[in-house]
Amino acid sequence: MKAIEQRLPQDFDKSFVVFRETGKYFPCPRHFHPEFELVLILKSTGRRMVGDHIGYFDEDDLVFMGSGIPHVWINDAQFMNGEAGYPADAIVIHFMDSFLGDKFLSIPEMENFKNILRTSSRGLAYHGETRTRINNLMKSMLTMSGLKRLSALFEIFDILATSAEYEVLASPGYTQVELKASDRFGKVTEYIMRNFDKEITLPEVASIANMAVTTFCNFFKDHFRVTFVEYLNTVRIGYACKLLADDDHNIVEIAYESGFKNLANFNRQFKRFKNMTPTEYRKTIGA
């Protein structure tokens, strides 16, 4: 299931898009776009794919996605067959990071929000009180205009920037986030992203961080909350998921192109991270 680029039309007198998507089911195919996107499900159930993450949605599901990440919401069979008895219904917000000018994100007050924009490159599913507050604001925005509408969006930005009530969806390897090369954390991540398809040893990557191996292992676990090997495998599995969406690659080729040296280990790690085999994953996404 290859993703297509899709753009929403924008009114000439508005700086961002708020719209309601309703019908028997959500018809949009797997797609991506340069805009950031908030999706609130009002009614219906089904599966959602954000990058290489496959999850399930129902009423009040709320996901925030960064620029360029492929995604799709697929309704359950009763909606596709017209047997649900009520329509699929959602509210969507689209905005560009420069919608208020190129210097908008450079002001000090936006620093926390810039951080969450970076994290959203993997998709974020919100829950708890955060979800309730944002859902209420998004519902109210449908009847707002002018400064009230913009003010509500700013309130959402503030909630997003200060909340820890979210789950990161796509694996680290699915989208390559730009990181500052001068930052030790960024140097290590960038090196992994550029070399995950090759053999990477602990001494090798520890030298990138200018650390002893033991110190590096502790540093990595503290910052990433997983071991270096676990993180590297998530990157490789994320890349494998991208290749599995393309019929041009068979599973053996995908295993080696993703950095695994044998098929058995690839299958074992894939099942561990995705709770299904590579073949089952390919069938699930319709590739």
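In the annotation of an unreviewed UniProt entry, the entry for the protein reads AraC family transcriptional regulator, and the organism field reads Mucilaginibacter humi.

Of note, T143 is situated in the loop between α3 (128-141) and α4 (146-162). A distance of 3.2 Å separates a polar atom in the side chain of T143 from the backbone oxygen of S140.

Another point: α4. The first and last C-alpha atoms of α4 sit 25 Å apart over 17 residues, in line with the 24 Å expected at 1.5 Å per residue. When α4 is considered as a whole, its buried residues turn out to be R149, A152, L153, I156, F157, I159 and L160. Take α4 and look down its axis: the buried residues cluster within an arc of 165 degrees, on one side only. Opposite the buried face of α4, by more than 90 degrees, sit the exposed residues G146, L147, K148 and T162.

Now for the environment of V226. Counting through the fold element by element, V226 comes out in the loop between α7 (213-224) and α8 (228-244). In this structure V226 comes out as partly exposed when scored by relative accessible area, which is 27%. Contacts of V226, omitting those with residues within four sequence positions, involve F220, K221 and Y231.

What counts and how
Residues numbered from 1 in each chain as written. Predicted model: local features only at pLDDT ≥ 70, side-chain atom pairs only at ≥ 80, totals over all residues. Heavy atoms only, no water. Helix = DSSP H or I, 4+ residues; strand = E, 2+ residues; numbered from the N terminus. Polar contact = N/O pair within 3.5 Å; in protein donor to acceptor, adjacent residues only side chain to side chain. Expected span 1.5 Å × (residues − 1). Buried < 20%, exposed > 50% of the residue type's maximum accessible area, 1.4 Å probe, protein only. Arc of directions from axis to C-beta. Contact = heavy atoms within 4.5 Å.

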